[in-house]
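# Coordinates in review
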Amino acid sequence: MSKRLNLTLPDAVFDALERWADAEGRPTANLAAFIVETAVKQAEAQNKIPPPPQKKTDGR
């Protein structure tokens, strides 16, 4: 399942992101999603993000 997120970027950052996406032949939003996903995975690997809470069992 995927979730949507609205993101506001400074004009210069968006313009650079758009040029980057064009150079790779992909949509700007697709590149932005890839960059965010990569950054989150790296942060998790470096223990900068706490692990998700463990599901509680009801003893059954």
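Computed from a prediction, not measured in an experiment: that's the story for all the values here. (Residues numbered from 1 in each chain as written. Predicted model: local features only at pLDDT ≥ 70, side-chain atom pairs only at ≥ 80, totals over all residues. Heavy atoms only, no water.)

## A look at the packing of helix α1 (residues 11–24) against helix α2 (residues 28–45)
Each pair of packed helices gets described by two things: the angle between the helix axes and the distance between those axes. The contact between α1 and α2 brings their axes to 8 Å, and the two run at 100°. By the angle class used here, α1 and α2 are roughly perpendicular. Residue-level contacts link Phe14, Leu17, Glu18, Trp20, Ala21 and Glu24 of α1 to Thr28, Leu31, Ala32 and Ile35 of α2. Taken together, the residues that form the contact of α1 with α2 break down as seven nonpolar, one polar and two charged. (Axes fitted to C-alpha atoms, helices over the stretch in contact; angles between N-to-C directions. Helix = DSSP H or I, 4+ residues; strand = E, 2+ residues; numbered from the N terminus. Parallel < 35°, antiparallel > 145°, perpendicular 65-115°, else oblique. Contact = heavy atoms within 4.5 Å. Nonpolar A, V, L, I, M, F, W, Y, C, P; charged D, E, K, R; others polar.)

## Remarks on the environment of Lys55
For Lys55, the position within the fold is in the segment after α2. With 49 residues separating them in the primary sequence, Lys55 and Asn6 have C-alpha atoms 29 Å apart.

## Comments concerning the side chain of Thr28
Its place among the elements puts Thr28 in helix α2. Excluding its chain neighbours within four sequence positions, the residues that come into contact with Thr28 are Phe14, Leu17, Glu18 and Ala21.

## Considerations on the packing of aromatic side chains
Within this structure, the stated rule accounts for zero aromatic pairs. Across the ring face of Phe34, the terminal group of Arg26 is positioned such that the distance to the ring centre comes to 5.2 Å. (Phe/Tyr/Trp six-rings, centres within 6.5 Å; stacked < 30°, edge-to-face > 60°. Lys NZ or Arg CZ within 6 Å of the ring centre and 35° of its normal.)

## Quick word on α2
With 18 residues, α2 ought to run about 26 Å at 1.5 Å a step, and its terminal C-alpha atoms sit 26 Å apart, in line with that. Three or more residues of α2 are buried, namely Thr28, Leu31, Ala32 and Ala43. The arc that holds every buried residue of α2, seen down its axis, measures 105°, which confines them to one face. Facing away from the buried side of α2 by over 90 degrees, the exposed positions are Ala29, Lys41 and Ala45. (Expected span 1.5 Å × (residues − 1). Buried < 20%, exposed > 50% of the residue type's maximum accessible area, 1.4 Å probe, protein only. Arc of directions from axis to C-beta.)

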